[in-house]
Amino acid sequence: MSDAQQPALRLQGIVKTFPGVRALDGVDFEVMPGEVHALLGENGAGKSTLMKVLAGMYQPDDGKIIIAGRPVRMTTPIEAKAEGVVLIHQELSLVPEMSAAENIYLGELPRRSFGRVDWKTLEERSNTILKRLKCSFRSEVTVANLSIANQQMVEIARALTVDARVVVFDEPTASLTDAEKVVLFDIINDLKAQGVGIVYISHRMDEIFTLSDRITVLRDGAYRGTLTTAHTNEDEVTRLMIGRSLDLSRDEAAPTFGKTMLEVRNMGCPGLYKDISFSVREGEVVGFYGLVGAGRTEIAETLFGLRKPASGEIRVDGEPVEIASPRDAIALGISLVPENRKEQGLVLQMNCRDNMTLPQVQDLTAGPFVSQGAELAIFDQYRDRLAIKTPSWKQPVGVLSGGNQQKIVIGKWLSMQPRVLIVDEPTRGIDVGSKSEIHQLLRELAGQGYAVIVISSEMPEVLRVSDRIVAMYHGRIMREFGIHEVTEDSLVQAISGIRVDEPA
Amino acid sequence: MTRLKAGGPAIAKQGILVAFIVFMIAFSLMSDRFLSADNIMSVFRQSAIIGVMAIGVTIVVIGGNLDLSVGSMLSFATVLVVDLHDKIGPELAIPVMVLATLCLGAINGFLIGILRLNSLIVTLGMLSAIQGLVLIYSGGQNVDIVDQRGTWFAIFGRGAVFGIATPIIIFGALALIFHVIMTTMPFGRRVHAVGGNPTASVFSGIPRSRVVFMTYLISALCVAIAAIILGSRVMGSQNNVGQGYELQVLAAVILGGTSLLGGSGSILRTVLGVLMLAFIQNGLILMGQPYYTQWLVTWAVIIVAVWLDVAAKRGRLFSPIA
């Protein structure tokens, strides 16, 4: 038997249960050598569990793992790696204080006598790998000094210290810029050409259709089917994944705008942004589009009282205001759904209800006590309104899927009845189903008269939800577009710092 | 799939309770006196000082910080209240001592809450700084109350109400009050939030600095109350009377299952931790063991409790990943 005919990796009937939950229910999956096989599913569909089984972190309760025709049993990630199965984690797992070389060979540093590290071999080998990945930095550099993209390269380099048969990429592009993505895709194609089987996990359809040869879909821990990428389309994949078609249409009824709710004039903060002027009216969604680091999040944080502007004026409902703390912002009716829901949005071990009512818990009282009834009323209202899926309010937020976590954060800020709602990257890292629900919700909110600011790095998102788009580059507003005058080209030009005098 | 349970086997979840019951049964089989009403009452009474302090430390720990300064703070407060008792009378000595102790708590709170310094370093430093302060104040002399029978100050440590020793009543009442505050009032919710995720708390408009500051004031208040019980019981004080208390208090808090990472914990379970430690120490003494064996046994109990706790969260006893 030659390697070309038999799968590099084959999973058969994998079952994994946790107390009370059947996380994987007889899942089949295979990767051929030199194939990119995308694994798709909503958050919580079982992708991560499956990959942890594959990487030896979890033991399956039933089923077989067959590598290059040979059934194997792996109990640790090191064993899995020895079998040629390497996982590149979604969240970087590097030791920031160590050099790239040390990270690449972490746990398997080349040794000399008496257990001393063989630095010379270490650096030679690491540099060879980095060269293979076309990295511009050398292995001696400390990881903390590398950009996120280069850190990810180190993570990938780690996978290549062995003759990898199968490399698993778990959401690798979540924190990469478009240029960095191109480099990553080159590397994936190189690996593929070398006969490595690639498992590619992502929520981004465009990437999956660019890269993959086949697509396997999981839903609720069960295998839903495998499609050949060349013979399918996004709609079919989505239906398999969420069990229905997505409604991608935009509500074209002409929106009615009320009075100006938020106005910012010549606001500046050295090193972050300058000359920022814009306004948001009731019933209007203003999209802030730009690259990571363009200053959008910093503006949101300033409006929410987390930063102090050096100059400029902020008016809420026509009144000039000073916002010195989040409390001030909340009192003025400004809500911020922050960029990073796990770090900034939620207390993960706290239950769903308490998370949702956190900003107003001191007002929901009966005498000196928190009124459970009032809290539950709010939770129930927004659980129903946002279709949050959780068995009970008592569930710690940390165990919910990304989409449901995000809805809890949105519910938390909607329940404050804000006059201005700012949402920063509202759909980062969540599945297409929840994504489209959140887009619809933002449009509905505008329809109900909320003034909404949406910050996003995804063009389809800003195009879908905004009435106006503010394009930012390097801390400055380059252009403002009405939704009917914007084109993708002009938007890309604006966020790349290219000024165009005439609207495209 | 999203319904991943947070806990593992129920027995591991209730590890502390199970261990407590096992110990109680074992000791009662080995000693007739162990379960006598007299003995139980005396264990309760002796545990009151550690217990009252542990209430405050539990709140600090839920808020995501540590307080190691409570030991020497107890020395400070006890020396002060005893010394002032004869100088200005108990009715003034108590409020003066409480205020002074609150000031120490405020220093902790300022450094950790407002300046955001590391709580381990700050309170470890305060542990020795306050001990120094005590020695400066007392000039190295131990203090005592001369008229031990004629003062109403005796009620706190030696008195009883309806046949129940006052220290037990104070401990029980404080535990109940702070349990209610932590579980049903906005302040308790905020402490949990700040300890669980300080960044998200700030993003929710919670005044994080003020909340942390308050936890240290509460801790100092508890120490002051413990000092009243201790001073009243002993009617005198050595300069280093509270030495080592910080570890016993922390042990009780950990035994009660409060996470040192902050964000979760329970006063009532801390009470259980306090009682368990006290009963173990008492049981060992009844069995004729020298008092220092309790240090070893206490250590072993804590390790097992922490292990069971972690195992319950992981769902298994060993795990290569966290």
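Residues numbered from 1 in each chain as written. Chains lettered and ligands numbered in written order. Predicted model: local features only at pLDDT ≥ 70, side-chain atom pairs only at ≥ 80, totals over all residues. Heavy atoms only, no water.

Asks: I'm lost on the overall build of chain B in this one. Help?
Replies: Looking only at helices and strands, one finds 14 helices and four strands in chain B. The C-alpha radius of gyration computed for chain B amounts to 20 Å, which stays within 12% of the reference 20 Å derived for 322 residues, consistent with globular compactness. If one aligns the C-alpha atoms of chain B with their principal axes, the spans along those axes are about 70 × 55 × 35 Å. For chain B, the proportion of its 322 residues judged to be buried stands at 52%. For chain B, the accessible area works out to roughly 14,000 Å², and carbon and sulfur atoms hold 69% of it. Counting 18 positive and 10 negative side-chain charges, chain B places the averaged centre of each group 21 Å from the other. (Helix = DSSP H or I, 4+ residues; strand = E, 2+ residues; numbered from the N terminus. Rg over C-alpha atoms; globule rule 2.2 N^0.38 Å. Buried < 20%, exposed > 50% of the residue type's maximum accessible area, 1.4 Å probe, protein only. Areas by Shrake-Rupley, 256 points an atom, 1.4 Å probe, with all protein chains shown as cover. Lys, Arg positive; Asp, Glu negative; His and termini not counted. Charge placed at Lys NZ, Arg CZ, Asp CG, Glu CD.)

Asks: Would you mind going over the side chain of B:Asp67 with me for this structure?
Replies: All names here are of chain B. Position of Asp67 relative to the elements: it lies in the loop between helix H3 (37-62) and helix H4 (70-88). Buried and without a salt bridge, Asp67 has Arg208 as its closest oppositely charged side chain, separated by 17 Å. Among the polar contacts made by the side chain of Asp67, one reaches the side chain of Ser69 at a distance of 2.7 Å. Contacts of Asp67, omitting those with residues within four sequence positions, involve Val57, Val60, Asn108, Thr123, Tyr216 and Ser219. (Salt bridge = Lys/Arg side-chain N within 4 Å of Asp/Glu carboxyl O. Polar contact = N/O pair within 3.5 Å; in protein donor to acceptor, adjacent residues only side chain to side chain. Contact = heavy atoms within 4.5 Å.)

Asks: Is there a simple way to think about the sheet that holds strand S7 (residues 166-170) of chain A in this case?
Replies: To summarise the sheet geometry, strands pair through backbone hydrogen bonds and adopt either a parallel or an antiparallel arrangement. Residue and element names in this part refer to chain A. An order of S6-S7-S8-S3-S9-S10 is seen for the six strands of this open sheet, with the pairing classed as mixed. The sheet is open, and its two edges are formed by strand S6 (85-88) and strand S10 (222-228), each paired on a single side. Sheet twist, expressed as the mean angle between neighbouring strand axes with direction ignored, is 20 degrees. With five bridges joining them, S7 and strand S8 (residues 197-201) adopt parallel strand pairing. Of the residues in S8, the one forming a bridge with Val168 is Val199. (Pairing = 2+ DSSP bridges. Axes fitted to C-alpha atoms, helices over the stretch in contact; angles between N-to-C directions.)

Asks: Please clarify how the side chain of B:His85 should be interpreted in this entry.
Replies: All names here are of chain B. As for its position among the elements, His85 is in helix H4. Overall, the relative accessible area of 8% leaves His85 in the buried class. The contact partners of His85, leaving out residues within four places of it in the chain, are Pro90, Ala93, Ile145, Thr151 and Phe153.

Asks: Explanation requested: a nonpolar patch on the surface in the structure shown.
Replies: All names here are of chain B. A contiguous nonpolar surface patch, about 570 Å² in accessible area, is contributed by Leu17, Ile21, Ile25, Leu29, Met30 and Met287. Secondary-structure assignment places Leu17 in helix H2 (residues 15-30). Residue class for Leu17 comes out partly exposed when judged on its relative accessible area of 34%. (Patch = residues over 30% accessible without salt bridge, like charges linked within 9 Å, V, L, I, M, F, W, Y side chains within 5 Å.)

Asks: Honestly, the confidence of the model for chain B in this entry has me stumped. Any pointers?
Replies: In low-pLDDT segments, the atomic positions of the prediction should not be examined closely. Averaged over chain B, the pLDDT score is 89; the fraction of residues at 70 or greater is 92%. Across residues 1-12 of chain B, confidence stays below pLDDT 50; counting only partners more than four residues off in sequence or on other chains, it has 29 contacts. (pLDDT = per-residue confidence, 0-100.)

Asks: For this particular structure, what's the right way to read the packing of H3(B) against helix H11 (residues 208-234) of chain B?
Replies: Helices that pack against each other are described as a pair by the angle of their axes relative to one another and the distance between those axes. Residues and elements named next belong to chain B. In the contact formed by H3 and H11, the axes pass within 7 Å of each other and the chain directions differ by 170 degrees. With respect to each other, H3 and H11 are oriented roughly antiparallel. Counting all contacts with H3, which are made through Arg45, Gln46, Ile49, Val52, Met53, Ile55, Gly56, Val57, Ile59 and Val60, the residues of H11 involved are Thr215, Tyr216, Ile218, Ser219, Cys222, Val223, Ile225, Ala226, Ile229, Leu230 and Arg233. When its residues are assigned to classes, the contact of H3 with H11 shows 15 nonpolar, four polar and two charged. (Parallel < 35°, antiparallel > 145°, perpendicular 65-115°, else oblique. Nonpolar A, V, L, I, M, F, W, Y, C, P; charged D, E, K, R; others polar.)

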